[in-house]
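Coordinate inspection notes
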Amino acid sequence: MNQKENYIAVFDSGVGGLSVLRHLRDQLPGERFAYFGDSANAPYGTRSREEVCRLTLAAAERLMSRGLKALVVACNTATSAAINELRRVYPDLIVVGIEPALKLACDRFPGGRIGVMATPMTLREEKFASLEHRYEHACRIFELPAPGLVELVEAGKADGPEALALLEQLLGPLRGKLDALVLGCTHYPFAARAISRVLGEEVALLDGGEGTARETRRRLAQAGLLENGEGTLILENSSPDPALLALSRQLLEIQ
Ligand code: DGL
């Protein structure tokens with residue numbers, strides 16, 4: 001494999017996938033990462049499946065020109081819509097997706113009351129229906145579509161009064177009724193503080209970022225493709241607004 005084929009690309013509809021990239025960089029410090037956020041087209045979660053599939057394939061094609069050994073789809077919505085198609089188009093590439101961390105939640109809280117907050121599209125898709133079906137006897141599941149929150153995270157307002165008002169409306173009625181909340185959209189970990197303010201610190205917030213990074217590491221190791229280099233990062237965004245890259249850098253620093 002030559003130098004040009006050494007990147008691990010990480011893709012999301014916007015800045016959300018940075019919550020996964022943090023774990024990837026922790027677990028794979030010697031790798032070269034190329035992150036692409038499609039903020040010009042965000043949010044994906046309120047679009048049709050066909051649109052999300054088309055946008056995801058276009059983003060993958062753009063990233064492929066760099067030369068990749070792996071593609072991490074750090075977006076639950078794009079994974080639901082396009083992971084099968086991506087694997088069909090790029091059969092030789094390691095393609096890792098993300099799904100709401102329902103297994104983790106049910107393992108930690110057997111018989112518990114688990115909220116799953118995600119985009120309308122993720123919750124509507126077949127992939128989530130089969131995941132839910134697998135765990136519906138192990139715990140009590142509350143589906144919580146949260147349109148509007150992604151836009152606030154993209155605007156750097158994940159902690160502001162608008163986010164609190166939206167979260168109060170969505171989660172307020174469940175206060176005292178949940179053991180855990182699955183953050184089934186990669187943008188939501190950036191709103192974790194506001195979510196805990198509404199639900200209470202005692203409710204565990206769980207996301208799939210760490211598990212996705214672990215799976216990426218496992219797949220690379222299995223293929224003998226782990227690299228122990230300097231560790232580099234290229235950040236790109238489809239939005240012409242420089243505020244998005246500035247926000248991306250800022251979000252990456254929050255641990
Ligand atoms: N970050 C994406 C996810 O994990 C979705 C955000 C969007 O709606 O664009 O689902």
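These remarks concern the structure in this document.

Between helix α1 (residues 18-27) and helix α10 (residues 209-222), whose axes approach to 8 Å, the crossing angle comes to 45°. One way to sum up the angle between α1 and α10 is to call them oblique. For the element pair α1 and α10, the recorded crossing hand is right-handed. In contact with Val-20, His-23, Leu-24 and Gln-27 of α1, α10 contributes Gly-209, Glu-210, Thr-212, Ala-213, Arg-214, Thr-216 and Arg-217. When the residues that make up the contact of α1 with α10 are grouped by side-chain class, the tally is three nonpolar, five polar and three charged.

So, about the sheet that holds strand β2 (residues 32-37). Ordered in space as β4-β3-β1-β2-β9, the five strands form an open sheet in which the pairing is parallel. In this open sheet, the two edge strands, each paired with only one partner strand, are β4 (94-96) and β9 (232-237). Going across the sheet, the axis of each strand differs from the next one's by a mean of 15°, ignoring polarity. With six bridges connecting them, strand β1 (residues 7-12) and β2 associate as parallel partners. Its bridge partner lying in β2, Ile-8 is registered against Phe-33.

Attention now moves to the packing of aromatic side chains. Taken as a whole, this structure holds two aromatic pairs when the rule is applied. Plain terms: the ring middles of Phe-11 and Phe-36 are 6.2 Å apart, the flat faces sit at 20° to each other, and that makes the pair stacked. Remark: Phe-36 occurs in strand β2 and Phe-11 occurs in strand β1; sequence separation between them is 25 residues. A single burial state applies to Phe-11 and to Phe-36, both of which are buried. Their ring planes at 50° and their centres at 6.3 Å tell us that Phe-11 and Tyr-44 sit as a pair that is tilted. Taken together, the residues Phe-11 in strand β1 and Tyr-44 in the loop between β2 and α2 (49-64) connect sequence positions 33 residues apart. A network of ring pairs unites the aromatic residues Phe-11, Phe-36 and Tyr-44 as a single cluster. The ring of Tyr-7 has Arg-66 sitting right over it, with the charged end atom 5.5 Å from the ring centre.

What follows is about the site of the ligand. Around the ligand, 13 residues are found, and the nearest of them are Ser-13, Tyr-44, Gly-45, Asn-76 and Thr-77. Note that an oxygen atom of the ligand is positioned 2.7 Å from one of the backbone N or O atoms of Gly-45. Between His-187 and the ligand, the recorded distance is 2.8 Å, taken from a side-chain N or O atom to a nitrogen atom. Considered on its own, the ligand offers 300 Å² of accessible surface; in the complex 99% of this is hidden by protein.

This part is about the state of the cysteines. Summed over all chains, the structure comprises one disulfide. Sulfur-sulfur distance for the disulfide between Cys-106 and Cys-139 comes to 2.3 Å. Of this pair, Cys-106 sits in helix α4 (residues 102-108) while Cys-139 is found in the loop between α6 (126-135) and β6 (140-145), placing the two residues 33 residues apart along the sequence. Residue Cys-106 is classed as buried on the basis of its relative accessible area of 5%. Relative accessible area serves as the criterion here: at 6%, Cys-139 is assigned to the buried category. Just so you know, Cys-75 is unpaired, no disulfide at all, and the nearest cysteine sulfur is the one on Cys-185, 6.7 Å from it.

About the cut-offs
- Once a new chain begins, its residue numbering starts again from 1 and follows that chain's sequence as written.
- In keeping with the model being predicted, local features are shown solely for residues with a pLDDT of at least 70 and side-chain atom pairs are shown and tallied solely at 80 or more, while totals for entire chains, interfaces and linings include all residues.
- Working from all heavy atoms in the structure, the side-chain values ignore hydrogens and water.
- The axes used here are C-alpha line fits, helices contributing only the stretch in contact, and every angle between their N-to-C directions lies in the interval 0 to 180 degrees.
- Counting from the N terminus, the helices are DSSP H or I runs at least four residues long and the strands are E runs at least two residues long.
- Should an angle fall under 35 degrees it is called roughly parallel, over 145 degrees roughly antiparallel, and 65 to 115 degrees roughly perpendicular, with every other angle called oblique.
- Definitions for this section: a left-handed crossing has its near helix turned counterclockwise from the far helix by less than a right angle. A right-handed crossing has that turn clockwise.
- Contacts were defined at the residue level, with two residues in contact if any of their heavy atoms lie within 4.5 Å.
- Classification convention: Asp, Glu, Lys, Arg as charged; Ala, Val, Leu, Ile, Met, Phe, Trp, Tyr, Cys, Pro as nonpolar; all other residues, Gly among them, as polar.
- Between any two strands, at least two bridges found by DSSP are needed for them to pair.
- Stacked, edge-to-face and tilted labels apply to pairs of Phe, Tyr and Trp rings (six-membered ring for Trp) whose centres lie within 6.5 Å, assigned for plane angles under 30 degrees, over 60, and everything in between, in that order.
- The rule is simple: take the accessible area with a 1.4 Å probe, protein chains only, and divide by the maximum for that residue type; under 20% is buried, over 50% is exposed, in between is partly exposed.
- Our definition puts a charge over a ring when NZ of Lys or CZ of Arg is within 6 Å of the ring centre and also within 35 degrees of the ring normal.
- We define proximity as follows: a residue is near a molecule or strand when any one of its heavy atoms falls within 4 Å of that partner.
- Think of a polar contact as two N or O atoms within 3.5 Å of one another; within protein, one of them needs to be a possible hydrogen donor and the other a possible acceptor, and neighboring residues in sequence only count if both atoms come from side chains.
- The method behind every accessible area is Shrake-Rupley, applied with a 1.4 Å probe, and residues are considered shielded solely by the protein chains displayed.
- By definition, disulfides here are pairs of cysteine sulfur atoms that lie within 2.5 Å.

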